[in-house]
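Letter by letter, the chains look like this.
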Amino acid sequence: MLAESKFSYLCNGCGLCCRDKVITLSPYDVIRIARADKVSTGEAVARYTLRRGSLLRFLPDGRCAALAGPRCKIHPGRPLACRLYPLGLERAPGADGHTCVERFVRLEPAPGSLGIYGAAGTVADFLEGQQAAPYLDAVARYYPLVGKFRGRVAATVDFERVEPREFWRRAAREALAETNYDPNPLIDALFDPDGLGCGRASAEETAVAHVAALAETAAWEHDGAIVAAAAVMLATSLGYAPGEV
Ligand code: SF4
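Calculation rules
- Residues numbered from 1 in each chain as written.
- Predicted model: local features only at pLDDT ≥ 70, side-chain atom pairs only at ≥ 80, totals over all residues.
- Heavy atoms only, no water.
- Helix = DSSP H or I, 4+ residues; strand = E, 2+ residues; numbered from the N terminus.
- Expected span 1.5 Å × (residues − 1).
- Buried < 20%, exposed > 50% of the residue type's maximum accessible area, 1.4 Å probe, protein only.
- Arc of directions from axis to C-beta.
- Contact = heavy atoms within 4.5 Å.
- 1 Å grid on protein atoms, 1.4 Å probe; cavity = no way out; pocket = protein on both sides within 12 Å on 5 of 7 lines; lining within 4 Å.
- Points joined across faces, edges and corners; volume = space filled by probe spheres on them.
- Nonpolar A, V, L, I, M, F, W, Y, C, P; charged D, E, K, R; others polar.
- Phe/Tyr/Trp six-rings, centres within 6.5 Å; stacked < 30°, edge-to-face > 60°.
- Near = heavy atom within 4 Å.
- Axes fitted to C-alpha atoms, helices over the stretch in contact; angles between N-to-C directions.
- Parallel < 35°, antiparallel > 145°, perpendicular 65-115°, else oblique.
- Left-handed = near helix turned anticlockwise from the far one by under 90°.
- Domains from an automatic or database assignment.
- Buried area = accessible area lost by both parts, 1.4 Å probe.
- Salt bridge = Lys/Arg side-chain N within 4 Å of Asp/Glu carboxyl O.

1. Topic: helix 6 (residues 144–156)
Here helix 6 spans 19 Å end to end across 13 residues, near enough to the 18 Å set by a 1.5 Å rise per residue. Those residues of helix 6 that fall on the buried side of the exposure criterion are Leu145, Val146, Phe149, Arg152 and Val153. Seen from one end, helix 6 has its buried residues packed into an arc of 120°, which puts them on one side. Looking at helix 6, the residues exposed on the side facing more than 90 degrees away from the buried face are Lys148, Ala154 and Ala155. The inward-facing, buried residues of helix 6 contact helix 5 (133–142), helix 7 (164–176), helix 8 (185–190), helix 9 (203–220) and helix 10 (224–237).

Okay, structure coming up:
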């Protein structure tokens, strides 16, 4: 679906959509969650996420960790995926390598959901109602870091001696591991801008400072494997396939 495609959705607050999901978080999602819950980004990672901050945490009974009864505790800072639901967003790198191409898909409703689908507006109207723009802007702000990380990998790894495909496969395995992953200060920094000293008055200012600090941190990192895993993690957290790094 495109921005002008007919679409509308009325949420009736049943909470059924907030169960048993896999929801990827971007660094900006974590900033917004933290600000809505009035905690630091490090605390938000501990409370609401898995896989080093990159996935929303769901409890063993299937409920999202942010669900209180049928209500979202962090509603003003809910992640982009929750704002878009029941639409999904597919991204691919643009031809210039710096921008991205976006396409929306309609997701299946949760079983028993009381939400009402319609065609009273457009996808663009729906996104506006969900105040999704700052989240989409943040993806565009963070995405060029993937290229910078890749550049740092090229500068630190001798691909005459290291087989590139196996190197990047290992980076993807490391980035996407749920447990037993190696310490990676750059991945930690991706989801904890406050810990990196980037906390600012607004989420947007925090994101701007965070992107600059991440670029500088990566520029000083001499272990290409650390930077490569962080590149895969960042790309995935922004909605790209790991193989698109
Ligand atoms: S963050 Fe809020 S809206 Fe998103 S799944 Fe959890 S409870 Fe639902």
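That covers the picture; the talk isn't over yet.
2. Details of the layout of surface pockets
The volume enclosed by the second largest pocket comes to roughly 180 Å³. Forming the boundary of the second largest pocket are Phe167, Arg170, Ala171, Glu174, Asp182, Pro183, Asn184, Asp223, Ala225, Ile226 and Ala229. Those elements that provide at least two residues to the lining of the second largest pocket are helix 7 and helix 10. Sorting elements by how many residues they give to the lining of the second largest pocket places helix 7 first, with four residues. Considering only residue class, the lining of the second largest pocket consists of six nonpolar, one polar and four charged.

3. Things to note about the packing of aromatic side chains
Throughout the structure, instances matching the rule amount to six aromatic pairs. An angle of 90° between the planes, with centres 5.6 Å apart, marks the rings of phenylalanine 167 and tryptophan 168 as edge-to-face. On the basis of relative accessibility, which here comes to 7%, the residue phenylalanine 167 falls in the buried class. Ring pairs connect the aromatic residues Phe159, Phe167 and Trp168, which therefore count as one cluster.

4. Structural notes on the site of the ligand
Near the ligand the following residues occur: Cys18, Leu56, Cys64, Ala66, Leu67, Cys72, Ile74, Pro79 and Cys82. When its residues are assigned to classes, the shell around the ligand shows nine nonpolar, no polar and no charged.

5. A few points about the packing of helix 1 (residues 27–37) against helix 9
Where helix 1 meets helix 9, the closest approach of the two axes is 10 Å, and the angle between their N-to-C directions is 140°. In terms of orientation, helix 1 and helix 9 fall into the oblique class. Considering the relative orientation of helix 1 and helix 9, their crossing is right-handed. Here helix 1 contributes Pro27, Tyr28, Ile31, Arg32 and Arg35 to the contact with helix 9, which in turn contributes Ala203, Glu204, Thr206, Ala207 and His210. Of the residues belonging to the contact of helix 1 with helix 9, the class tally is five nonpolar, two polar and three charged.

6. Focus: the domain arrangement of the chain
Under the domain assignment, the chain is made up of domain 1 (6–141) and domain 2 (144–244). Centre-to-centre, using C-alpha coordinates, domain 1 lies 22 Å away from domain 2. Between domain 1 and domain 2, the contact holds 26 residues from the first and 35 residues from the second. Both sides of the domain 1 and domain 2 interface together cover about 2,500 Å² of buried area, and 58% of this is carbon and sulfur. One salt bridge connects glutamate 174 with arginine 52, and the closest N-O pair in it is separated by 3.3 Å. The set of elements that each furnish at least two residues to the side of domain 1 that touches domain 2 consists of helix 1, helix 2 (41–48), strand 6 (87–93) and helix 5.

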